[in-house]
Amino acid sequence: MLHAEDLGGAWELREKPADEAIPAVVPGCVHVDLLNDGRLPDPFLDDNEKAVAWVGRTDWQYTREVAWTGPEHDRVDLVFEGLDTVAGIELGGTVLGTTRNMHRTYRYDVTALLENGPQPLTVRFASAYTEAGEVRELLGERDNAYPEPFNFIRKMACGFGWDWGPTLVTAGIWRPVRLEGWSTARISAVRPLTTYANGLGKLDLTTEIERTRDRALRARILLDGREIASLPLHADSVRTELDVPGVTPWNPRGHGEPALHTLTVVLTDGDHELDRWERRVGFRTVEIDRTGGGFVFHLNGEPVLIKGVNWIPDDIFPSRMTRERYATRLREAAGAGVNLIRVWGGGIYEDRAFYEICDELGLMVWQDFLFACADYPEEEPLFSEVVAEARENVTRLSPHPSLITWSGNNENLWLHGAMGWGGHGRSWGERYYLEVLPEIVAELDPSRVYQAGSPWSGSWEHEPNSVDHGTFHSWEVWNREPYTNYRNSAPRFVAEYGWQAPPAWTTLRESVSDDPIRPDSPGVLHHQKAEDGNGKLARGLAPHFPGFEALGVEAWHYLTQLNQVRAVRTGVEHWRSHWPHTGGAILWQLNDLWPVTSWAAIDGAGRYKPLYFALGEMNASRALTIQPRDGGLVVAVLNDTAFSWDGTLLVDGHDIPVSVAPRSVSLVPFTVSSSAGVVVARLDDARALWFSSSVPLENPRLTVDVEAVPGGLDVHVRAAGLARDILLQADRIHPRATVDRGFVTLLPGESVVFHVRAPFDLDPALAKVPWVLTDLFSALEDRCVPL
């Protein structure tokens, strides 16, 4: 039986062989080891990012002694699941190999080298800048959207800096490393392609092995512990296609149970078990309906409205990620009504835990191949690395039913033309996206749909970023246009859109020591990476809050949070009202990897912006929204459930019977009769509000009562008048405090309870801290709500 020995834990780190050893932890990276040893300032504080830039331009080495202490085997392999990035590996003075790809696994036969006891293992890392520079010199310059050479090395691109991220170029043994002992044969790969149709599961299973002896082997296939096949392995690969009756299909969130079944492959030599592979799989069928330029996902034959978020690496140092942290963030996504996560192409192929948790939660995954915002050379030494990386990861991720589509790149097909790149006439990546990658997916995993990129209109017959064909990235809004312009078109599918806001107040203050702190103070600007980001924030505020420039930083912080929510709500509700013409939308972005002003709903410290709570409202399975149409107003009744929604719609004094079919939208026109400038629509528990520009902003005369409860506070708020956009910022009470909702608007006489919770009891007086509770009227008066 294969035996593994973990080589994680304590290692030694040095810049040069003769240097004093620095304690290191594997999996990990140089930055984290230096931080832990007190040799680096916190790169998340102020502009310390600049002070630690030297780390990424330095060569490093990791060392430890290794020995095989397990049972005697034919072969012992040294296995690295991830090396970041340009590495040379030596064992006992013997060079095992070199690497130049962060996204691959490496395996070396070290049987003979470990026969005589413990041996020193050294992994030497060259600076990624050195490698990228040499490849650029060899292959010639290529254009990209940022001034760093990330497109010349197979490494997490956003580590070189992005418009929301710092430049912290890492090196290290970033994924687990182990010794594996095995005899006769081992399982080297398993690809279980699972589909479901007409009440029947189908399993297309490929098993690959590596041998040391020529023996008559078998692969036993078990599903939920029951043997469904036993296959002879005459060669080093066997494929079988099986009908699997009686399985429960895997369904995405909101469409049924994400049922999982345990699939086991046991490699045997007679009665002796040599190796075992086991995963939980799900049976489902994925299609994209592209009729007439459309883009609607179908799971198990049913159209699915996509309520997605874009995912970036959750830590700039991805080796710090844990299963628990993945679970937290993904459960938060599910809690906001999200049903799809797009793993963006400037990051990484995430850890197995990420996809397993998505499988369990019913979160669909759209996985980009790792190309983003640049021209990429198609020649060696990169071409073969791209092919090997793609083949390995398509196979590695094939067990996960949550993974429904592969996409060739992020924005490269679009930007190459839109930005006028490629004047040098050199290769730029088109062959990858239109030939190499689709061929790999078709060969290894035809159960999933391949897209050439995002955005992509489907062919060169149309502009890549077309509202009328395929996927669309909506960035004229935010960069140049107001968010009300979302309503000017109905794209077929919105794969990126968003609006910025700063992080939670405490996150901002923990990362910026400016005194006084201002929107344009040095630390705040350093934690704003978007080109003219603060200018765009200001131009977005100006039409809605004239004179905001005269207000203090607390009011600026409140108003930018509010504008982010209003912008995203404008887009999402407009696009949902056009379902199924618009097949869905994927917010840029769910998360951050450091404290920064960005488009995220959850900031770099894991605190919720108000946008997070608003997402849950926008993504509700049943919701109302009031939309302008053809010079008037309509109520869009949004029913994303399997049941009809029947009832009486109450809107502006009208009672209108409605019956909305499952998974559909009804537009109900009405005549505005209210003279107050506020239109209210209600159906069951759903409510929508529409405010005319003439509605005056007056003191809502709030009454606030704070009640101490175990583990926190209940803050009761009642409005005598119209109270627009009440916000309670729990992190201003205590850095570890949370609250259960974001912005709330109360009509006269209405009330709400904010539930503030912490790992300990809270003093009610803390709710009187300035700016803990405010509303729009008070914010524009540049003050908090008097308590």
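Our subject is the structure listed above.
Here the structure is a predicted model, which means the values were calculated and not measured. (Residues numbered from 1 in each chain as written. Predicted model: local features only at pLDDT ≥ 70, side-chain atom pairs only at ≥ 80, totals over all residues. Heavy atoms only, no water.)

As for the overall build of the protein
So, point 1. When helices and strands are tallied, the protein shows 15 helices and 44 strands.
So, point 2. Relative to the compact-globule value of 28 Å for 787 residues, the protein shows a C-alpha radius of gyration of 28 Å, a close match.
So, point 3. Here the protein, with 787 residues, has 61% of them falling under the buried criterion.
So, point 4. Put simply, 68% of the contacts in the protein that link residues at least 6 apart link residues at least 24 apart.
So, point 5. With an accessible surface of roughly 29,300 Å², the protein has 49% of that area assigned to carbon and sulfur atoms.
So, point 6. Between the mean site of the 73 positive side-chain charges and the mean site of the 109 negative ones, the protein shows a separation of 2 Å. (Helix = DSSP H or I, 4+ residues; strand = E, 2+ residues; numbered from the N terminus. Rg over C-alpha atoms; globule rule 2.2 N^0.38 Å. Buried < 20%, exposed > 50% of the residue type's maximum accessible area, 1.4 Å probe, protein only. Contact = heavy atoms within 4.5 Å. Areas by Shrake-Rupley, 256 points an atom, 1.4 Å probe, with all protein chains shown as cover. Lys, Arg positive; Asp, Glu negative; His and termini not counted. Charge placed at Lys NZ, Arg CZ, Asp CG, Glu CD.)

Regarding the pattern of salt bridges
So, point 1. Here the structure, examined in full by the defined rule, presents 53 salt bridges.
So, point 2. Across the salt bridge formed by Lys16 and Glu15, the nearest N and O atoms sit 3.3 Å from each other.
So, point 3. Residue class for Lys16 comes out partly exposed when judged on its relative accessible area of 46%.
So, point 4. Overall, the relative accessible area of 32% leaves Glu15 in the partly exposed class.
So, point 5. The partner of Arg663 in a salt bridge is Glu302, and the shortest N-O contact between them spans 3.1 Å. Here Arg663, found in the loop between strand S34 (654-660) and strand S35 (664-670), pairs with Glu302, found in strand S22 (residues 302-304); they are 361 residues apart in sequence, far enough to count as distant. (Salt bridge = Lys/Arg side-chain N within 4 Å of Asp/Glu carboxyl O.)

Here's the deal with the side chain of Asp77
So, point 1. Within the secondary structure layout, Asp77 lies in strand S5 (residues 75-80).
So, point 2. At a separation of 2.8 Å, a polar atom in the side chain of Asp77 contacts the side chain of Arg107.
So, point 3. Within the local environment of Asp77, its side chain forms a polar contact with the side chain of Trp182, the two groups lying 3.0 Å apart. (Polar contact = N/O pair within 3.5 Å; in protein donor to acceptor, adjacent residues only side chain to side chain.)

Quick look at the environment of Trp478
So, point 1. Take Trp478: it is sitting in helix H9 (residues 476-479).
So, point 2. Exposure remark for Trp478: the relative accessible area of 3% places this residue in the buried category.
So, point 3. Taking the C-alpha atoms as reference, Trp478 lies 6.0 Å from Trp499; in sequence the two are 21 residues apart.
So, point 4. Those residues in contact with Trp478 that sit more than four places away from it in its chain are Gly498, Trp499, Gln500, Gly533, Lys536, Leu537 and Trp599.

Focus: the packing of helix H4 (residues 323-335) against helix H5 (residues 352-361)
So, point 1. Between H4 and H5, whose axes approach to 9 Å, the crossing angle comes to 40°. Considering their axes alone, H4 and H5 lie oblique with respect to each other. As H4 packs across H5, the resulting crossing turns out to be right-handed. Between H4 and H5, the residues in contact are Arg323, Tyr326, Ala327, Leu330 and Arg331 and Ala353, Phe354, Glu356, Ile357, Cys358 and Leu361, respectively.
So, point 2. By residue class, the composition of the contact of H4 with H5 is 8 nonpolar, no polar and 3 charged. (Axes fitted to C-alpha atoms, helices over the stretch in contact; angles between N-to-C directions. Parallel < 35°, antiparallel > 145°, perpendicular 65-115°, else oblique. Left-handed = near helix turned anticlockwise from the far one by under 90°. Nonpolar A, V, L, I, M, F, W, Y, C, P; charged D, E, K, R; others polar.)

As for empty space enclosed by the protein
So, point 1. Counting across every chain of the model gives 7 cavities of 30 Å³ or more.
So, point 2. As a volume, the largest cavity reaches approximately 110 Å³.
So, point 3. Taken together, 13 residues make up the lining of the largest cavity; nearest its centre are Ile306, Lys307, Val572, Arg576 and Ala585.
So, point 4. If you list the elements that add at least two residues to the lining of the largest cavity, you get strand S23 (306-311), helix H13 (553-576) and strand S30 (584-587). (1 Å grid on protein atoms, 1.4 Å probe; cavity = no way out; pocket = protein on both sides within 12 Å on 5 of 7 lines; lining within 4 Å. Points joined across faces, edges and corners; volume = space filled by probe spheres on them.)

Let's talk about the packing of aromatic side chains
So, point 1. Inspection of the entire model under this criterion finds 41 aromatic pairs.
So, point 2. Each ring, one from Phe295 and one from Phe493, has its centre 5.2 Å from the other, and the planes form 65°; the classification is edge-to-face. You can see Phe295 sitting in the loop between strand S20 (286-289) and strand S21 (296-299) and its partner Phe493 sitting in the loop between H9 and strand S29 (494-496), a full 198 residues away along the chain. Taken individually, Phe295 and Phe493 each receive the classification buried, so the pair is uniform in this respect.
So, point 3. Ring geometry for Phe297 versus Trp366: centroids 6.4 Å apart, planes at 55°, classification tilted. Taken together, the residues Phe297 in strand S21 and Trp366 in strand S25 (residues 364-368) connect sequence positions 69 residues apart. Across the pair, Trp366 and Phe297 agree in class, each one buried.
So, point 4. Geometry around Phe371 places Arg154 over its ring, the cationic atom sitting 4.4 Å from the centre. (Phe/Tyr/Trp six-rings, centres within 6.5 Å; stacked < 30°, edge-to-face > 60°. Lys NZ or Arg CZ within 6 Å of the ring centre and 35° of its normal.)

Re the layout of surface pockets
So, point 1. When its volume is computed, the largest pocket comes out at roughly 1,600 Å³.
So, point 2. As for the largest pocket, its lining consists of 49 residues, of which Arg569, Leu689, Phe691, Arg724 and Asp725 are closest to the centre.
So, point 3. Every element with two or more residues in the lining of the largest pocket is listed here: H13, helix H14 (610-618), strand S31 (622-629), strand S37 (686-691), strand S40 (723-728), strand S42 (744-746) and helix H15 (776-780).
So, point 4. Among the elements that line the lining of the largest pocket, the one with the most residues is H13, at 7 residues.
So, point 5. Taken together, 36 residues line the second largest pocket, and the ones lying closest to its centre are Thr105, Arg178, Ser188, Arg279 and Arg396.
So, point 6. Secondary structure elements with two or more residues in the lining of the second largest pocket: strand S8 (106-109), strand S12 (177-182), strand S13 (185-197), strand S19 (272-281) and helix H6 (382-397).

Describing the pairing of S25
Along any regular strand the residues' side chains alternate between the sheet's two faces.
So, point 1. Within S25, 5 of the 5 residues are buried, leaving the element largely enclosed by the surrounding structure.
So, point 2. In the sheet, strand S24 (residues 340-343) pairs with S25 via 4 bridges, with the strands oriented parallel. Across the sheet, Leu340 pairs through a bridge with Met364, a residue of S25.
So, point 3. Between the parallel elements S24 and S25, the chain passes through H5 in a crossover that is right-handed.
So, point 4. Looking at chain direction, S25 and strand S26 (residues 403-407) are connected through 4 bridges and run parallel. Within S26, the residue paired with Trp366 across the bridge is Thr405.
So, point 5. Once you follow S25 into H6 and on to S26, the crossover reads as right-handed. (Pairing = 2+ DSSP bridges. Right-handed = clockwise from strand over helix to strand, strands pointing away.)

Side note on unusual backbone geometry
So, point 1. Across the junction of Val26 and Pro27, the peptide omega takes the value 0°, indicating a cis bond.
So, point 2. Within the element layout of this structure, Pro27 appears in the loop between strand S3 (22-26) and helix H1 (30-36).
So, point 3. Residues Glu380 and Pro381 are joined by a peptide bond in cis, for which omega reads 15°.
So, point 4. Mapped onto the fold, Pro381 is located in the loop between S25 and H6.
So, point 5. Within the chain, Asn198 stands out as a residue other than glycine whose phi angle is a positive 55°.
So, point 6. Relative to the helices and strands, Asn198 is located in the loop between S13 and strand S14 (200-211).
So, point 7. Classification of Asn198 by relative accessible area gives exposed; the value is 82%.
So, point 8. The phi torsion at Trp478 lies on the positive side, around 90°, for a residue other than glycine.

Points about the sheet that holds strand S15 (residues 217-223)
So, point 1. Reading across from one edge, S16-S15-S18-S19 is the order of the 4 strands in this open sheet, with antiparallel pairing throughout. The open sheet has two edge strands, strand S16 (226-233) and S19, and neither has a second partner. Between one strand axis and the next, the sheet turns through 15° on average, direction left out of account.
So, point 2. In the sheet, strand S18 (residues 261-269) pairs with S19 via 9 bridges, with the strands oriented antiparallel. The residue of S19 that forms the bridge with Asp269 is His272.

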